[in-house]
Amino acid sequence: MIPPRSTATPLNILIFGGTGDANRIAADLLQEFGSDVRLQLSLAGRTSAPRLPDGIPVRIGGFGGAEGIISCLGSEKIDLVIDATHPYATQISSHIAQACHAVATPCIQFQRSAWQKTDKDRWIMVRSLQEAAQILPDHGRRALIASGRKDLAHFEGLEKTWLLVRTVESPKDPFNLAFGEWLIARGPFTVEGEIELLQRYEIDVIVSKNSGGSATEAKILAARELNIPIIMVERPGAAPVEQAEAIYEIIEKVRNTLASV
């Protein structure tokens, strides 16, 4: 931990979150730097009961695009932005990058490591959920859809594949799931639990995004154990800002920024 900067103004840091990673980053920064940083965590508000870190102010709701973020950066006198949103939240990451470039505010994007395919995995790589839905009937009769709440409408009208659609909360725009079942559940999941789920519902194919992280990795490991194919949606490209793959890199960024002011 660096020596306290008792006479200096705290470093104002805005963290865009909505992920467990963002919560851990905020908690670790507070523990590491204490009163030398002033943190604010921003959530889009898509989850009605998000898990939040203790002792850190939270802003819930959208900004209205890049212009709204620019306004916030100025009014809150933000010194550093950390983008720790979901790896597939491309729109908000694009807006964050645009805003930070426009007003020359330093920004670092946290990109947790993607899951890595092994020779025991049966992954069918696709570029979008739309493509996943189109090829799904060719790969299984009973599918677990574990790709989040967005863009589920692509799976509407499938008649040859029974769907078990698992989401953290009820979708805001649910489709007519005439041939399937909704399952509301929040990770972290266990490999044993996922194996039991896949066997109980006789799942023979999974649709997933390569989100990475440990909270939902169990389905990947369970599929490997049961030799079940996964239709895997590829990761989108990173935003055009500084990148970090580990939280210690974020901590070093903050340490270096503090040392330079």
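Above this note sits the structure.
Summary of the structure given here. (Residues numbered from 1 in each chain as written. Predicted model: local features only at pLDDT ≥ 70, side-chain atom pairs only at ≥ 80, totals over all residues. Heavy atoms only, no water.)

**With respect to the state of the cysteines**
Argument step 1. The full count for this structure, using the stated rule, is 0 disulfides.
Argument step 2. Cys72 carries a free sulfur, and the closest cysteine sulfur to it, the one in Cys100, is 10 Å from it.
Argument step 3. Owing to a relative accessible area of 9%, Cys72 belongs among the buried residues under this scheme. (Disulfide = S-S within 2.5 Å. Buried < 20%, exposed > 50% of the residue type's maximum accessible area, 1.4 Å probe, protein only.)

**Overview of the sheet that holds strand S11 (residues 230–233)**
Argument step 1. The strand order S6-S11-S10-S7-S8-S9 describes an open sheet built from 6 strands, whose pairing is parallel. Looking at which strands have only one partner, the edges of the open sheet turn out to be strand S6 (123–126) and strand S9 (180–184). Strand-to-strand, the axes of this sheet are offset by a mean angle of 20°, without reference to chain direction.
Argument step 2. Relative to the sheet, helix H5 (residues 191–200) contacts strand S7 (142–146), strand S8 (162–167), S9 and strand S10 (205–209), its axis offset from that of S8 by approximately 150°.
Argument step 3. Strands in contact with helix H6 (residues 218–226) are S6, S7, S8, S10 and S11; relative to S10, the strand with the most contacts, it is inclined by about 150°. (Pairing = 2+ DSSP bridges. Helix = DSSP H or I, 4+ residues; strand = E, 2+ residues; numbered from the N terminus. Axes fitted to C-alpha atoms, helices over the stretch in contact; angles between N-to-C directions. Contact = heavy atoms within 4.5 Å.)

**So, empty space enclosed by the protein**
Argument step 1. Under the definition given, this model contains 1 cavity of 30 Å³ or more.
Argument step 2. Of the voids in this model, the largest cavity is the one considered here, and its volume is about 30 Å³.
Argument step 3. In terms of lining, the largest cavity is formed by Thr19, Asp21, Ala84, Thr85, Pro87, Phe110 and Arg112.
Argument step 4. For the lining of the largest cavity, the residue count by class is 3 nonpolar, 2 polar and 2 charged. (1 Å grid on protein atoms, 1.4 Å probe; cavity = no way out; pocket = protein on both sides within 12 Å on 5 of 7 lines; lining within 4 Å. Points joined across faces, edges and corners; volume = space filled by probe spheres on them. Nonpolar A, V, L, I, M, F, W, Y, C, P; charged D, E, K, R; others polar.)

**Some words on the pattern of salt bridges**
Argument step 1. Tallied over the entire structure, the rule returns 10 salt bridges.
Argument step 2. With its nearest N and O atoms 2.5 Å apart, the salt bridge here joins Arg112 to Asp21. Separated by 91 residues along the polypeptide, Arg112 in the loop between strand S5 (107–110) and S6 and Asp21 in helix H1 (residues 20–33) bring together distant segments of the chain. Each member of the pair, Arg112 as well as Asp21, carries the same accessibility label: buried.
Argument step 3. One salt bridge in this structure joins Arg224 and Asp121, with 2.8 Å as the shortest N-O distance. Within this pair, whereas Arg224 is found in helix H6, its partner Asp121 is found in the loop between S5 and S6, the two being separated by 103 residues in sequence.
Argument step 4. Using a relative accessible area of 25% as the deciding quantity, one classes Arg224 as partly exposed.
Argument step 5. The exposure class of Asp121 is buried, given its relative accessible area of 7%.
Argument step 6. The network of salt bridges with common partners includes Asp21, Arg24 and Arg112. (Salt bridge = Lys/Arg side-chain N within 4 Å of Asp/Glu carboxyl O.)

**A look at the nonpolar core**
Argument step 1. Grouped together as the largest cluster of nonpolar side chains are 24 residues, with contacts concentrated most on Ile13, Ile15, Ile25, Leu29, Ile82 and Val254.
Argument step 2. Secondary structure elements with two or more residues in this core: strand S1 (11–16), H1, strand S2 (37–43), strand S4 (80–83), S5 and helix H7 (247–260).
Argument step 3. Setting aside its immediate chain neighbours within four residues, Ile25 contacts Ile15, Ile82, Ala84, Phe110, Ile247 and Ile250.
Argument step 4. One finds Ala133, Leu136, Ala143 and Val205 within the second-largest nonpolar core, a separate group that totals 20 residues. (Core = buried A, V, L, I, M, F, W, Y, C linked by side-chain atoms within 4.5 Å.)

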